[in-house]
Amino acid sequence: MSLSMGACPHAWQQHHLHHRGRMWAASPAFRRQLFLLRSLAPTCADGGRASSSSLRPHLMYAAAGPVYEADAEAVVRRITPPLDRARHKGQAGKIAIIGGCREYTGAPYFAAISALRVGADLSHVFCTKDAATVIKSYSPELIVHPILEESYSVRDDERESVSSSILAEVIKWMERFDCIVVGPGLGRDSFLMDCVGNIMRHARQANIPTVVDGDGLFLITNNIGLVEDNSLAILTPNVYEYKRLVQKVLNCEVNEENASEQLTALCQKIGGVTIMRKGKADLISDGKKVTQVSTFGSPRRCGGQGDILSGSVAVFSSWARHFLLSNEQPKETRKAAALAFEKNKRSTVTTDIIEFLGQSLEDICPAGR
Ligand SMILES: NC(=O)C1=CN([C@@H]2O[C@H](COP(=O)(O)OP(=O)(O)OC[C@H]3O[C@@H](n4cnc5c(N)ncnc54)[C@H](O)[C@@H]3O)[C@@H](O)[C@H]2O)[C@@H](O)CC1
Ligand SMILES: Nc1ncnc2c1ncn2[C@@H]1O[C@H](COP(=O)(O)OP(=O)(O)OP(=O)(O)O)[C@@H](O)[C@H]1O
Ligand SMILES: [Mg+2]
């Protein structure tokens, strides 16, 4: 299905933006958009499947083979659903984060709140009991399910029944979600990993798109069958997570000279999945082609920015899916990072970036009046 400009209710905005010329390119609003562009990468991969017109044919690099720079803004503009009065709660996206344990409460919060700030209607978090109250206290906007358990809180003879009841509880909700994000702040407890593996299998059977990040990547690296041949899986590894995946799946070291070929080979070996390799430039592949997003965001590398990305990717990929399925009509995190850095400089933290998500999206795809 083609994502033609004419099909987009915001096409006039795109036209308008293209004609602002150099002044626009130099404007603070344009710079603010740059950060958001990075978070679009998986969406761009999806958009790329739908339309080669979402790729700029003029640019590229990669030591071996062409890599196209994704026109992330155009993709976002096309897939962002209009703020239509006839729409009801949930139609702009229901997202769930599977993550949050004794050590990590920030990561699932960042991912879940970013999904809301990008434009989803409902954002859930499935986490351990220890983490739930903490996460809830960060924000009343989130729906928090304190259902996961770690080994320390489960007796050996209870494991099977606890595992079944965790799965049963998640299954009750699963069908409602447009996308789940597995891993932010999940931790690596063995019992928890087993339970989450079961959740992933169920999500797959139910055809629920799944973004795998953080400790979810640790889980799948050691159980690659969890994502094998799953075209609804998007992996968002950082530099270390990517290294572990390459070592495990391709049985070799990361090769920067042939980055795009290696990424393609990794996708193909796993089969069907889309991988967004985060870094100085984000490289995205579905095993067929490779695109990149290299617009500059922020020089701050504080923890949590990958969580913003995974939550945002969940929303954009569900918008893209709706667009493709219904011919209705996704963008944005490097841009919010740029905005936040402009304001806070070296003291920029993840919460500052989240504050700018809305404005960044607004610059790309205005909500209208
Ligand atoms: N505020 C929070 O709660 C946050 C929690 N986070 C969570 O923390 C958990 C672990 O994520 P990480 O990305 O830290 O996990 P990793 O285990 O991949 O990395 C831990 C750190 O160790 C170092 N490291 C790892 N492998 C290395 C290697 N081969 N060579 C050199 N240095 C290496 C890096 O500095 C890295 O940041 C995840 O669940 C993640 O979601 C992060 O998202 C950051 C924010
Ligand atoms: N060197 C870089 N220059 C510019 N942007 C980067 C760079 N490295 C990563 N990014 C961007 O920062 C965001 C987070 O990537 P990062 O590699 O820090 O993820 P992460 O380690 O998973 O983060 P988290 O701390 O949330 O787990 C992504 O949007 C990525 O595109
Ligand atoms: Mg991470």
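Note that the structure is predicted; figures quoted are calculated from it, not measured. (Residues numbered from 1 in each chain as written. Chains lettered and ligands numbered in written order. Predicted model: local features only at pLDDT ≥ 70, side-chain atom pairs only at ≥ 80, totals over all residues. Heavy atoms only, no water.)

1. Concerning the overall build of the chain
Piece 1. Looking only at helices and strands, one finds 16 helices and 11 strands in the chain.
Piece 2. Scored against the burial criterion, the 369 residues of the chain give a buried share of 58%.
Piece 3. Of the roughly 15,800 Å² of accessible surface on the chain, a fraction of 52% belongs to carbon and sulfur atoms. (Helix = DSSP H or I, 4+ residues; strand = E, 2+ residues; numbered from the N terminus. Buried < 20%, exposed > 50% of the residue type's maximum accessible area, 1.4 Å probe, protein only. Areas by Shrake-Rupley, 256 points an atom, 1.4 Å probe, with all protein chains shown as cover.)

2. Re the side chain of Asp-215
Piece 1. Tracing the backbone shows Asp-215 in helix α10 (residues 215-221).
Piece 2. Overall, Asp-215 belongs to the buried group, its relative accessible area being 9%.
Piece 3. The contact partners of Asp-215, leaving out residues within four places of it in the chain, are Tyr-104, Gly-183, Gly-185, Leu-186, Gly-187, Arg-188 and Met-193. (Contact = heavy atoms within 4.5 Å.)

3. Focus on the nonpolar core
Piece 1. Core analysis: the biggest nonpolar cluster contains 49 residues, and Ile-95, Leu-142 and Trp-319 have the highest contact counts within it.
Piece 2. Looking at which element gives the most residues to this core, the answer is helix α13 (residues 305-326), with 9 residues.
Piece 3. Apart from the residues within four sequence positions on either side, Leu-142 is in contact with Tyr-109, Ala-112, Ile-113, Leu-116, Ser-123, Val-125, Ile-135 and Lys-136.
Piece 4. In this structure, Leu-148, Val-154, Ile-220 and Val-227 belong to the second largest nonpolar core, which totals 45 residues. (Core = buried A, V, L, I, M, F, W, Y, C linked by side-chain atoms within 4.5 Å.)

4. Digging into the site of ligand 1
Piece 1. Close to ligand 1 lie 18 residues, the nearest being Gly-185, Arg-188, Asp-215, Arg-244 and Asp-307.
Piece 2. Gly-185 is positioned such that a nitrogen or oxygen atom in its backbone is 2.9 Å from an oxygen atom of ligand 1.
Piece 3. Asp-215 is positioned such that a nitrogen or oxygen atom in its side chain is 2.5 Å from an oxygen atom of ligand 1.
Piece 4. With the chains in place, 57% of the 830 Å² that ligand 1 exposes on its own is no longer accessible.
Piece 5. Among the elements of the structure, α6 (106-118) and α11 (239-249) are those that each provide at least two residues to the shell around ligand 1.
Piece 6. Per element, the largest residue contribution to the shell around ligand 1 is 4 residues, and it comes from α11.
Piece 7. Partitioned by chemical class, the residues of the shell around ligand 1 number 6 nonpolar, 6 polar and 6 charged. (Near = heavy atom within 4 Å. Polar contact = N/O pair within 3.5 Å; in protein donor to acceptor, adjacent residues only side chain to side chain. Nonpolar A, V, L, I, M, F, W, Y, C, P; charged D, E, K, R; others polar.)

5. Focus: the site of ligand 2
Piece 1. Around ligand 2, the structure places 14 residues, and the nearest of them are Lys-278, Asp-282, Gly-304, Gly-306 and Arg-334.
Piece 2. At 2.7 Å, a side-chain N or O of Asp-282 approaches an oxygen atom of ligand 2.
Piece 3. Taking Gly-306, its main chain carries an N or O atom lying 2.8 Å from an oxygen atom of ligand 2.
Piece 4. When ligand 2 is considered free in solution it has 620 Å² of accessible area, and contact with the protein chains removes 80% of it.
Piece 5. In terms of residue count, the dominant contributor to the shell around ligand 2 is α13 (4 residues).
Piece 6. For the shell around ligand 2, the class distribution of residues is 1 nonpolar, 6 polar and 7 charged.

6. Thoughts on the UniProt feature "binding site: (6S)-NADPHX" (unreviewed entry) in the chain
Piece 1. Under the UniProt annotation, "binding site: (6S)-NADPHX" (unreviewed entry) lies at Gly-185, Asn-238, Val-239, Tyr-240, Glu-241, Tyr-242, Lys-243, Arg-244 and Asp-307.
Piece 2. Here Asn-238 is to be found in the loop between β8 (233-235) and α11.
Piece 3. Residue classification places Asn-238 among the partly exposed residues on the basis of a relative accessible area of 26%. (UniProt positions renumbered as here; feature names shortened; annotations may be inferred.)

7. A few points about the environment of Ala-336
Piece 1. Within the secondary structure, Ala-336 is located in helix α14 (residues 334-344).
Piece 2. When the C-alpha atoms of Ala-336 and Leu-361 are compared, they prove to be 8.6 Å apart, with 25 residues separating the residues in sequence.

8. Comments concerning the packing of α6 against helix α16 (residues 357-364)
Piece 1. Where α6 meets α16, the closest approach of the two axes is 8 Å, and the angle between their N-to-C directions is 35°. Here α6 and α16 pass one another in a crossing that is right-handed. For the pair α6 and α16, contact is made by Ser-114, Arg-117 and Val-118 and by Leu-357, Gly-358 and Leu-361, respectively.
Piece 2. A class-by-class count of the residues in the contact of α6 with α16 yields 3 nonpolar, 2 polar and 1 charged. (Axes fitted to C-alpha atoms, helices over the stretch in contact; angles between N-to-C directions. Left-handed = near helix turned anticlockwise from the far one by under 90°.)

9. What about the packing of α11 against helix α12 (residues 259-270)?
Piece 1. One way to put it is that α11 packs onto α12 with a least axis distance of 11 Å and a crossing angle of 60°. Classed by the angle they form, the pair α11 and α12 counts as oblique. Of the two elements, α11 crosses α12, and the hand of that crossing is left-handed. Mapping the contact onto sequence places Tyr-242, Leu-245, Val-246 and Val-249 in α11 and Ala-259, Gln-262, Leu-263, Leu-266, Lys-269 and Ile-270 in α12. (Parallel < 35°, antiparallel > 145°, perpendicular 65-115°, else oblique.)

10. Considerations on α12
Piece 1. Its 12 residues place the ends of α12 17 Å apart at the C-alpha level, agreeing with the 16 Å of an ideal helix rising 1.5 Å per residue.
Piece 2. Residues of α12 that are buried include every one of Ala-259, Ser-260, Gln-262, Leu-263, Thr-264, Leu-266, Cys-267 and Ile-270, and no others.
Piece 3. Directly beyond the C-terminal end of α12, a positive phi value near 90° is found at Gly-271. (Expected span 1.5 Å × (residues − 1).)

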